[in-house]
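# Commentary on secondary and tertiary structure
Spelled out, the chains give:
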Amino acid sequence: MLKILIIDDDEIVLLVERKILQRCGFDQEIFTFKSSEAALKFLKEEGEDQKFLIMLDINMPLMNGWQFLNKMEELGRNDNIFVIMVTSSIDRYDKEIAANYKSVIGFIEKPITTENCLQIKGLTQVAEFFKVL
Amino acid sequence: MKENYPSLHILVIEDHLGDYVLIEDYLKEEHGQIELTRAISFREAREFLRSQKYDAVMLDLSLPDSGDMEVLVKEVVNLAGSSPVIVLTGNSNKDYGVRTLSMGISDYLLKDELNPLQLSKSIFYSIERKKIETQLSESEKKYKNLFDKSPLPKFVLEMHSLDFLNVNRAAIELYGYSLEEFLNMNVRDLWVPEEYEEVENEWRSKYKDWFQVALRHRKKNGDIISVEVTSNPIEFDGKQARVSLIHDVTAQLQAERALQHSEQRFKALVQDGSELVMIMDFKGNLSYASPASQAVLGVEMDELLRNNFFYLIHEEDINKVKDCIAGLKRQKRIQIPSYRVKRGKNEWRWIETIVTNLCSDPAVNGIVANSRDITEFVDQERELMESLKRYDIVAQATSDTITDYDVINDRMEYNEGIQNMFGYNPSEIGRDGCWWDDKVHPDDKERVKRKTREVFHNKTNQLQIEYRFKCADGTYKYVLDRSYLIKDEEGNAVRMIGSMQDITKLQNYIQTIENHNARLKEISWTQSHVVRAPLARIMGLIDLLQNHEDIEDRCHLMDNIYSSARELDAIIRKISSKAEHPAEKINRC
């Protein structure tokens, strides 16, 4: 079973994203984290075979999105963790950096929309978890 | 016979008194006027012979102090000189008496067979023979001197073989061979191989005749000389021979050749030279014109001679030329500065003429004018002057600093720009390259030097470079230097002309623009991250409210929209306060 993590320092964003995902039929368990450190801690405690979809903000205090990605990839569970970058940045440069991470499978400019959610469901890496039975 | 010898003085060398008395008797009997002197020893005889000359000497071989008879005879003959010596011997010495004949004595007599007639005859014959002998010897000596001391080299050659039989001193001096060397040589040894056959034929055709031939001889030191040989047959020591007289004509031929060359040279210079040579009088009437007239004036020589030279000169120049020519009455040579002459119908050529007054030289009898066409030089000079003028005008008109660097002498010239642009007083401007180098900003110096070196060694001649240059007040100005390097035919740098443009203002503008760009980037980043964060939130919230009418907590969501909008407003106010107001900028300008 897939678990969904939303990491963003902005509580309103966490609220909006959770609601949108739920509304769009993401019926998996959703966990929200106000900081990258907390999310990383959570991942470490979870089983290695557990699969995750992470909605990751870039611009955060203490540990930004890139720093989180570096730490996370060190865990060696890249086959089970899929990351969608969700950022308010419209800087082309950020998109180029994201391409260097294996675990990053998508890039969304805020705000996340219903349409974005449908696109996520269609991504080959995670499509199997959203099949209508 | 007696009449011919009125008085005879005879020395009788005889120690034996009896023999002397006998001789005296015999002689007095045959000859009245005879004077006898007696010497009783060789020593005494020597005294007499040294002090006096005798008509004849009678010598007895058996003297007490004579010693070796051969020595005695030779000494007496020698002392007697041109006087005949008659030897008297006893029978025992008969054979020896015969042998003495070869020692130069005139006769020998046996004492035992002596009689007045024989004695007298012997004396007279001896005197006579000696006289003829002496004359002959004198004549031969004279002849020998004539040959030996002649200033003209002479050879005596064997007629058939042409081997040398004799050569004179002049020949030895001329050819450098010694007499011994000559006597082992053949005259052919002097011939040069190229002429060998010709000379051999010439000689054979005149085998026994007089002939004269001009040929070359090789001296001992290898020098080749030109000679004229006159040769005629003679008899020499009983052999058929020919005597050849050598006339060394080398110097004469060289002089002739030099004269010939000098004439040819003269012809080449005057007739075939590009310079126009004319001979005229003070009124411009021509008596000679060289063929260059066709090239210089476009007129054939003959036609030119029918004209007056002054008619061809440009009216603005004619008086100047006439003045110069008139000046020749006081001065031998005058150079007429460039003036114009007509060529063909409408063309004017610039020429330059040197006139020389040779009226007093009968071979010339006029003024010699040497002219050359300098039209191209004049044109080039004019172009150069114009180009220099243009350069000066440009240098004065421009606000740039113009530099003119003489590479070879390390001299730098500046226009007024160096004062106006950088503030240097003329007195503090150094004239060498170092002074300029010193003023380049230390951080730019290496780059400027490297670029300059590249231009010096590469094919390109143009250099364009920006750097900072120190002003008199110690500040630096940004300059754009555009230089052009002039190279000689071998590609060596000769001169470098450059213009230094003050681009400090431009640099400042660029700096300002760069600062603005940096600020713009910052604003853009801020927009991207800070402004978009609350905006994105608002958009997300609205999306929820719009698309999901049944959503719970609508009030809470609306509150969030409001707080996000306030946040956004605060951020935009902050940006606005950072940015410059446009009106503010206008005022500042």
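So, how was this worked out
- Residues numbered from 1 in each chain as written.
- Chains lettered and ligands numbered in written order.
- Predicted model: local features only at pLDDT ≥ 70, side-chain atom pairs only at ≥ 80, totals over all residues.
- Helix = DSSP H or I, 4+ residues; strand = E, 2+ residues; numbered from the N terminus.
- Buried ≥ 20, exposed ≤ 12 C-beta atoms within 10 Å, placed from the backbone.
- Contact = placed C-beta atoms within 7 Å.
- Core = buried A, V, L, I, M, F, W, Y, C linked by C-beta atoms within 7 Å.
- pLDDT = per-residue confidence, 0-100.
- Pairing = 2+ DSSP bridges.
- Axes fitted to C-alpha atoms, helices over the stretch in contact; angles between N-to-C directions.

## Considering the overall build of chain A
Per the secondary structure count, chain A includes 5 helices and 5 strands. In chain A, the succession of α and β elements from N to C terminus is β-α-β-α-β-α-β-α-β-α. Buried residues in chain A amount to 35% of all 133 residues. Nonlocal contacts in chain A, meaning residues at least 24 apart in sequence, comprise 65% of its contacts between residues at least 6 apart.

## Comments concerning the nonpolar core
Formed by 37 residues in total, the largest nonpolar core has its most connected members in A:L5, A:I7, A:I54, A:L56, A:V83 and A:M85. Among the elements of the structure, β1 (2-7), α1 (11-23), α2 (36-45), β3 (51-56), α3 (65-74) and β4 (81-87) of chain A together with α17 (504-547) of chain B are those that each provide at least two residues to this core. Core analysis: the second largest hydrophobic core is formed by 29 residues, B:V12, B:L49, B:I86 and B:L88 among them.

## Focus: the confidence of the model for chain B
Looking at chain B, the pLDDT average stands at 85 and 96% of residues meet or exceed 70. Interface predicted TM-score (ipTM) for the complex: 0.84; the corresponding pTM is 0.36.

## Some points on the sheet that holds strand β13 (residues 333-343) of chain B
All names here are of chain B. If you walk across this open sheet you meet the 5 strands as β12-β11-β15-β14-β13, and the pairing is antiparallel. Each having just a single partner strand, β12 (286-289) and β13 make up the two edges of the open sheet. Within the sheet, the average angular offset between the axes of one strand and its neighbour, ignoring direction, is 25 degrees. Note: strand β14 (residues 347-357) against strand β15 (residues 367-373), 7 bridges, orientation antiparallel. Bridging from a neighbouring strand, T356 pairs with V368 of β15. Lying over the sheet, helix α12 (residues 318-326) contacts β13, β14 and β15, oriented at roughly 150 degrees with respect to β13.

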